[in-house]
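Chain by chain, the residues:
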Amino acid sequence: MNVSELRDRFSARFQRTCAVVARAPGRVNLIGEHTDYNDGFVLPIATEQETWVAVAPRKDHAVRAYSTEFDDQRTWPIDGWLADDFPHWTAYVAGVAALLRQRDARLNGFDLLIRSDVPPGGGLSSSAALENAAALALSEMAGISLQPNELIDLSRRAEHDFAGVPCGLMDQSVSLLAEPGCAFLLDCRSREFQHIPCDLGEHVFVVIDSGVRHKLATSEYARRQQECRQAVEYFRRRDTQVRALRDVSLDAVRAHIEQMDPLPARRARHVVSENERTLAAAAALRAADLTQFGRLMIESHRSLRDDYQVSSQELDQLVEIITAVDGVLGARMTGGGFGGCVVALTREASVGRIEQAVRADYDSPPGKAARLHRTHPSRGASVEVSEAT
Ligand code: ADP
Ligand code: MG
């Protein structure tokens, strides 16, 4: 995808030239799962799969939006979008636009075109890519200047309030701020981040989509958050400094595990150990110790499966098949769980063997063969063209 493709598609669709083109990548979390809402650490990369958005201002208050992937065009008044009247994909555009307009009335009507190779619902956060690309393009077009954290919060609020998905900070942050060739270590409490160079040599990260999304995910996520709060309460009664599981040490969890209720205890052990693994993985990456990085991925998967209990039969099967392939250093479920994707670190030369093994041995759901993507750590979002006045 590139600027001239976006320009051409925009002109063909709306019979006018676009004023701004922006892009934002998807993401894969390498390690640090279910740590974000516990004030912990995450270590994602931005993917080379990206969402591009082209826009041009209108004189009226109408929004005309077209998604190339869904081949769907919709029009609504900028202040009059209603969730019930429009397909779900428009929520991301309408949300970003409405929130920008609440901040600054310079944003008027516009024409907008989306073109993306981030598979929607494929676990690479196509939603954050779309929000960020739209937020960058529209703020640039309207001449509204926003700090990175303001853009991240705006994209996230669009996802919460308009699309109805209560997501954490990670997706929008890494999609906006990642640097090419680097993983993005984010402290979800302070929002401080570090770019960790990935010297992968002959290795590569691959993402394998299980093709499965379990419905119980939403209710189970809410239950995990509740169990984490119970664990925090337990430790706060002993130490008033504890605000989140971030503040609890693994030694403390081990010392108390027998006295605690069993579920909060296991959830705490996952979160606290996962924070340690995430920091250790960032250090291993910095030191180009990929063997250690792979080991931590495998431990992370076990902890998510056994202590946090958010894996699924399909994810466990994929991890087992993939880690048995010669040249694979590690694999784990990535994302919230109950289906979704597995991420693996492997010798590049073994990618074909992984594909073969998955094809031969994975019991994929009917009609949904597991898809594999290579993902090189890519750059964060940017404005590519701006003819705004
Ligand atoms: P994920 O972020 O993991 O891909 P989500 O369910 O959070 O999955 O977001 C997917 C939704 O984002 C899609 O159902 C659609 O509403 C929107 N979306 C993603 N890509 C596009 C696109 N190219 N065009 C329009 N909407 C898109
Ligand atoms: Mg999403």
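You'll find the structure just up there.
Described in the following lines is the structure provided in the data block. (Residues numbered from 1 in each chain as written. Chains lettered and ligands numbered in written order. Predicted model: local features only at pLDDT ≥ 70, side-chain atom pairs only at ≥ 80, totals over all residues. Heavy atoms only, no water.)

## Quick notes on the pattern of salt bridges
The criterion, for reference: What makes a salt bridge here is a side-chain nitrogen of Lys or Arg within 4 Å of a carboxyl oxygen of Asp or Glu, nothing more. Under the scheme used here, helices are H or I runs from DSSP no shorter than 4 residues and strands are E runs no shorter than 2 residues, and both carry numbers assigned from the N terminus. Three exposure classes are used, based on accessible area relative to the maximum for each residue type with a 1.4 Å probe and protein chains only: buried under 20%, partly exposed in between, and exposed over 50%.
In the structure shown here, the tally under the stated rule is 35 salt bridges. A salt bridge links aspartate 171 to arginine 27, with the shortest nitrogen-to-oxygen separation between them at 2.7 Å. Taken together, the residues aspartate 171 in helix 5 (residues 170-177) and arginine 27 in strand 1 (residues 20-31) connect sequence positions 144 residues apart. Here aspartate 171 matches arginine 27 in class, with each residue buried.

## Quick word on the site of ligand 1
As a reminder, the rule being used: One heavy atom suffices: a residue is near a molecule or strand as soon as one of its heavy atoms comes within 4 Å of it. Pairs of N or O atoms within 3.5 Å make up the polar contacts considered here, provided that, within protein, one atom can donate a hydrogen while the other can accept it, and that residues adjacent in sequence are counted only when both atoms are side-chain atoms. Computed with the Shrake-Rupley method and a 1.4 Å probe, the accessible areas treat only the protein chains shown as cover for residues.
Residues in close proximity to ligand 1 total 18 residues, the closest being Ser67, Glu69, Gly121, Ser126 and Ser127. Contacts to ligand 1 include glutamate 69, whose side-chain N or O atom sits 3.0 Å from a nitrogen atom. For ligand 1, an oxygen atom lies 2.6 Å from a polar atom in the side chain of serine 126. Taken by itself ligand 1 offers 560 Å² of open surface, and the protein chains cover 82% of this.

## Focus on the sheet that holds strand 10 (residues 339-347)
Note the following rule: When DSSP finds at least two bridges between two strands, those strands are taken to pair. Working convention: axes come from line fits to C-alpha atoms, limited for helices to the stretch in contact. Angles between N-to-C directions cover 0 to 180 degrees.
The four strands are arranged 9-10-8-11 in an open sheet whose pairing can be described as antiparallel. Each of the sheet's edge strands pairs with one partner strand only, and the pair in question is strand 9 (328-334) and strand 11 (371-375). Strand-to-strand, the axes of this sheet are offset by a mean angle of 20 degrees, without reference to chain direction. Sheet topology note: the strand 8 (residues 203-213)/strand 10 ladder contains eight bridges and is antiparallel. Along strand 10, the bridge assignment pairs aspartate 209 with cysteine 341.

## Quick look at the packing of aromatic side chains
Each aromatic ring pair is characterised by the separation of its centres together with the angle its planes make. Stated precisely, the cut-off is as follows: Classification of ring pairs rests on two measures: the distance between centres of Phe, Tyr or Trp rings, Trp counted by its six-membered ring, which must be within 6.5 Å, and the angle between planes, read as stacked under 30 degrees, edge-to-face over 60 and tilted in between. Comment: the charge-over-ring label is applied if NZ (Lys) or CZ (Arg) is within 6 Å of the ring centre and within 35 degrees of the ring normal.
Under the defined criterion, the tally for this structure stands at seven aromatic pairs. Against the face of tyrosine 66 rests arginine 13, its NZ or CZ located 3.7 Å from the ring centre. Directly above the aromatic system of tyrosine 234 lies the positively charged group of arginine 238, at a separation of 3.7 Å from the ring centroid.

## Looking at the packing of helix 3 (residues 126-142) against helix 5
Our working definition: Orientation is classified from the angle alone, with under 35 degrees giving roughly parallel, over 145 giving roughly antiparallel, 65 to 115 giving roughly perpendicular, and any other angle giving oblique. Crossing handedness: left-handed means the near helix sits turned counterclockwise from the far one by under a right angle, and right-handed means the same turn made clockwise. Contact definition: two residues touch when any of their heavy atoms are within 4.5 Å. Polar here means any residue other than Ala, Val, Leu, Ile, Met, Phe, Trp, Tyr, Cys and Pro, which are nonpolar, and Asp, Glu, Lys and Arg, which are charged; Gly is therefore polar.
The interhelical angle for the contact between helix 3 and helix 5, taken along N-to-C directions, is 55 degrees, at an axis separation of 9 Å. Relative to helix 5, the element helix 3 lies oblique. Note that helix 3 runs across helix 5; the crossing there is right-handed. Facing helix 3, whose interface residues are Ala128, Ala129, Glu131, Asn132 and Leu136, helix 5 presents Asp171, Gln172, Ser175 and Leu176. Partitioning the contact of helix 3 with helix 5 into residue classes produces four nonpolar, three polar and two charged.

Remember that the coordinates give geometry; whether it matters functionally is a separate question.
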